[in-house]
Amino acid sequence: MPPLDLGVLISGRGSNLQAILDAIADGRLDARVRLVLSNRPGVEGLARAERAGVPTRVIAHRDFTDRDTFDAAVVDALRDAGATWVVLAGFMRLLTTTFLDAFPHRVVNIHPSLLPSFPGVDAQQQALDHGVRITGCTVHLVDAGTDTGPILAQAAVPVLDGDDHDTLAARILVQEHALLVRALSWIAEGRLQVTPPAAPGGRARASIAGVGTALGLAAVDAALGLAEGGRARGNVGEVGEGA
Ligand code: GRF
């Protein structure tokens, strides 16, 4: 298969973009980043792209009167650059059908929770506020809803006593980087299958050929420092044996 031609949309730091660039550079991901596009000027992610020799564009959403014309300009830029798949890597704008229809089932997002829990902004704080013991991250295809599209892959991350937003976000981010690269490499290998909704208004589903469900528990085990093959149960120390 030819390499994936990626357009990566960012709004800020760009650490997930960096994970993609690093994975391409060391041969873990068969892809080319055709364009990194930010809706905000001067962000760290643009500097990361420039350092990697990748073309960049800034299209500021504030210069547009409505979402459709902004999205149409972004679509044109991505097409001109030769991108056929789009990754939302910390892109803080909702996309319209103008955009989604241009790249059907080819827009991938990374979200810092186990969807469908905690969609939208600040998923890490939502998880802390709710008091969940396990959260994580999700790679999914984007549809017209907010973080509602078909799920490709998830990794679980424990919430530990004493966590605040920053400690939890940092623990999740490690898994985001690994999961996003892994999901994109599965796509590059041609293993993604999308099943359309069974009935109008139903939900499309995505699956990855040959991939089981072990990924999430492995991440929890690693973060809790459990021996390989041990079982993660959230806050093991407090709950006690057999809980
Ligand atoms: C990540 O937590 C991502 O899941 C969310 O926004 C954050 C972006 O971080 N959508 P970065 O810009 O990739 O460092």
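About the criteria used
- Residues numbered from 1 in each chain as written.
- Predicted model: local features only at pLDDT ≥ 70, side-chain atom pairs only at ≥ 80, totals over all residues.
- Heavy atoms only, no water.
- Axes fitted to C-alpha atoms, helices over the stretch in contact; angles between N-to-C directions.
- Helix = DSSP H or I, 4+ residues; strand = E, 2+ residues; numbered from the N terminus.
- Parallel < 35°, antiparallel > 145°, perpendicular 65-115°, else oblique.
- Left-handed = near helix turned anticlockwise from the far one by under 90°.
- Contact = heavy atoms within 4.5 Å.
- Salt bridge = Lys/Arg side-chain N within 4 Å of Asp/Glu carboxyl O.
- Buried < 20%, exposed > 50% of the residue type's maximum accessible area, 1.4 Å probe, protein only.
- Right-handed = clockwise from strand over helix to strand, strands pointing away.
- Pairing = 2+ DSSP bridges.
- Phe/Tyr/Trp six-rings, centres within 6.5 Å; stacked < 30°, edge-to-face > 60°.

1. A few points about the packing of helix α1 (residues 15-25) against helix α2 (residues 44-51)
Phase 1: Two numbers describe how α1 lies on α2: the axes approach to 9 Å, and their chain directions differ by 15°. Taken together, the axes of α1 and α2 lie roughly parallel to each other. The crossing of α1 and α2 is right-handed. Residues Ser 15, Leu 17, Gln 18 and Leu 21 of α1 form the contact with α2, whose participating residues are Gly 45, Arg 48 and Ala 49.

2. Quick word on the pattern of salt bridges
Phase 1: Per the counting criterion, the structure on display carries seven salt bridges.
Phase 2: Among the salt bridges present, the one from Arg 28 reaches Asp 26, with a minimum N-O distance of 2.9 Å.
Phase 3: We classify Arg 28 as partly exposed; its relative accessible area is 48%.
Phase 4: A relative accessible area of 48% means that Asp 26 is categorised as partly exposed.
Phase 5: Several salt bridges share partner residues, and in doing so they unite Asp 5, Arg 32 and Arg 34 into one network.

3. A look at the pairing of strand β1 (residues 4-10)
Along any regular strand the residues' side chains alternate between the sheet's two faces.
Phase 1: In terms of residue burial, β1 counts as a mostly covered element, since seven of its seven residues are buried.
Phase 2: Taking every second residue as pointing to the same face, both faces of β1 are buried, with Leu 4, Leu 6, Val 8 and Ile 10 on one and Asp 5, Gly 7 and Leu 9 on the other.
Phase 3: Handedness of the crossover joining β1 and strand β2 (residues 31-38) through α1: right-handed.
Phase 4: In this structure, β1 lies alongside strand β4 (residues 85-88), joined through four bridges in parallel fashion. In the sheet register, Val 8 faces β4, and the bridge partner there is Val 87.

4. Regarding the environment of Gly 12
Phase 1: Locating Gly 12 in the fold gives a position in the loop between β1 and α1.
Phase 2: Between the C-alpha atom of Gly 12 and that of Leu 46, which follows or precedes it by 34 residues, the distance is 8.2 Å.
Phase 3: Contacts of Gly 12, omitting those with residues within four sequence positions, involve Val 43, Glu 44, Gly 45 and Gly 90.

5. Describing the packing of aromatic side chains
In this description, an aromatic ring pair is defined by two values, namely the gap between the centres and the angle between the planes.
Phase 1: Applying the stated criterion across every chain yields a total of two aromatic pairs.
Phase 2: Between Phe 64 and Phe 70, the aromatic rings sit 5.6 Å apart at their centres with planes inclined by 70°, giving edge-to-face as the arrangement.
Phase 3: On the basis of relative accessibility, which here comes to 27%, the residue Phe 64 falls in the partly exposed class.
Phase 4: Judged by relative accessible area, Phe 70 falls into the buried class, the value being 3%.
Phase 5: Between Phe 99 and Phe 103, the ring centres sit 5.6 Å apart and the planes meet at 40°, which makes this aromatic pair tilted. For the pair Phe 99 and Phe 103, a shared accessibility class is recorded, and that class is buried.

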